[in-house]
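Overview (structure and organization)
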Amino acid sequence: LERIIAKLNGFLNDPDQTLKTYNKDDQTSKYARAIAYYKKGKTKQAIATVDELIALNSKDGYLYDLKGQILSESGDQKNAIIAYNQAVELNQNNNLARIALANAIINLDSGDKKITDFAVENLLTALRVEKTDSNIYKQLAKAYAQNHDLGRSYLALAQMSLMEESLEKTKKYI
């Protein structure tokens, strides 16, 4: 519970305030500070802080998830993929990490069909549980398009549009 509150404070509060509030050397404070550093644009310091936490608890998939988020949103898709993949390996039920992993792969746009297929596989796995997340269909559409599978790409866009209750867009993609 403490870490959830620290995460919320880290993301929602002013980073300078977070750094003042979470000034201890405990894991919860380090977690909040990592987020504050990230929000201040201090990516290296944020990653170093998350890596300290990972060194203390290497089996905590949520730490790798946070690391992946910081890396991905800072433009380092290759290392974000590694972090998100570790998050998913440690917690197979973390569908948000699966979606983020797939998103990082799609954003990397490597041109490698096998890697893009891995993104599709993760999106389809997440979709089994996250049935109302239209963003998954949007990401599927991008992945299928990268693999030159326009039929499935348009189908995913149509499904996304249906979920968003946009009948006109749905008709456009069918």
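Coordinates for the structure precede this section.
These remarks concern the structure in this document. It should be emphasised that the depicted structure is a prediction, and the values quoted were computed from it without experimental measurement. (Residues numbered from 1 in each chain as written. Predicted model: local features only at pLDDT ≥ 70, side-chain atom pairs only at ≥ 80, totals over all residues. Heavy atoms only, no water.)

This part is about the overall build of the protein chain. A count of helical and extended segments in the protein chain gives eleven helices and zero strands. Residue burial in the protein chain is summarised as follows: out of 174 residues, 44% are buried. Intrachain contacts of the protein chain at a sequence separation of at least 6 include 43% that bridge at least 24 residues. Separation between the mean location of the 24 positive side-chain charges and that of the 22 negative ones in the protein chain comes to 1 Å. (Helix = DSSP H or I, 4+ residues; strand = E, 2+ residues; numbered from the N terminus. Buried < 20%, exposed > 50% of the residue type's maximum accessible area, 1.4 Å probe, protein only. Contact = heavy atoms within 4.5 Å. Lys, Arg positive; Asp, Glu negative; His and termini not counted. Charge placed at Lys NZ, Arg CZ, Asp CG, Glu CD.)

The backbone of D109 sits at a positive phi, close to 50°, despite the residue not being glycine. Relative to the elements of secondary structure, D109 occurs in the loop between α7 (95–108) and α8 (113–127). With a relative accessible area of 48%, D109 lands in the partly exposed category. For E165, which is not glycine, the phi torsion reads 55° and is therefore positive.

All right, on to the packing of aromatic side chains then. Following the criterion strictly, the structure yields one aromatic pair and no others. Between Y154 and Y173, the ring centres sit 6.1 Å apart and the planes meet at 25°, which makes this aromatic pair stacked. Residue Y154 is located in helix α10 (residues 150–163), and its partner Y173 is located in helix α11 (residues 167–173); the two are separated by 19 residues in the primary sequence. Given the relative accessible area of 43%, Y154 is considered partly exposed. In this structure, R3 packs its charged tip against the face of Y31, placed 5.0 Å from the ring centre. (Phe/Tyr/Trp six-rings, centres within 6.5 Å; stacked < 30°, edge-to-face > 60°. Lys NZ or Arg CZ within 6 Å of the ring centre and 35° of its normal.)

Attention shifts here to the layout of surface pockets. Any space left empty among the atoms is revealed by the rolling of a water-sized probe across them. Counted as a void, the largest pocket has a volume near 270 Å³. Elements that contribute at least two residues to the lining of the largest pocket include exactly α1 (2–12), α5 (61–73) and α7. With five residues, α5 is the largest single contributor of residues to the lining of the largest pocket. Here the lining of the largest pocket is composed, by residue class, of nine nonpolar, two polar and four charged. Looking at the lining of the second largest pocket, the elements that each hand over two or more residues are α5, α7 and α9 (134–146). Considering every element that reaches the lining of the second largest pocket, the biggest residue donor is α7, with four residues. Residue composition of the lining of the second largest pocket, by class: four nonpolar, five polar and two charged. (1 Å grid on protein atoms, 1.4 Å probe; cavity = no way out; pocket = protein on both sides within 12 Å on 5 of 7 lines; lining within 4 Å. Points joined across faces, edges and corners; volume = space filled by probe spheres on them. Nonpolar A, V, L, I, M, F, W, Y, C, P; charged D, E, K, R; others polar.)

Glancing now at the side chain of T28. Position of T28 relative to the elements: it lies in helix α3 (residues 27–39). Relative accessible area serves as the criterion here: at 15%, T28 is assigned to the buried category. Setting aside its immediate chain neighbours within four residues, T28 contacts E2, R3, A6 and Y22.

Let us now look at the packing of α3 against α5. Two packed helices can be described by the angle between their axes and the distance between those axes. Closest axis-to-axis distance for the α3/α5 pair is 11 Å, and the angle between their directions is 10°. Judged on the interaxial angle alone, α5 and α3 are roughly parallel. Within the contact between the two elements, α3 uses Y31, A34, I35 and Y38 and α5 uses Y62, L63, L66, I70 and E73. Class assignment for the residues of the contact of α3 with α5 results in eight nonpolar, no polar and one charged. (Axes fitted to C-alpha atoms, helices over the stretch in contact; angles between N-to-C directions. Parallel < 35°, antiparallel > 145°, perpendicular 65-115°, else oblique.)

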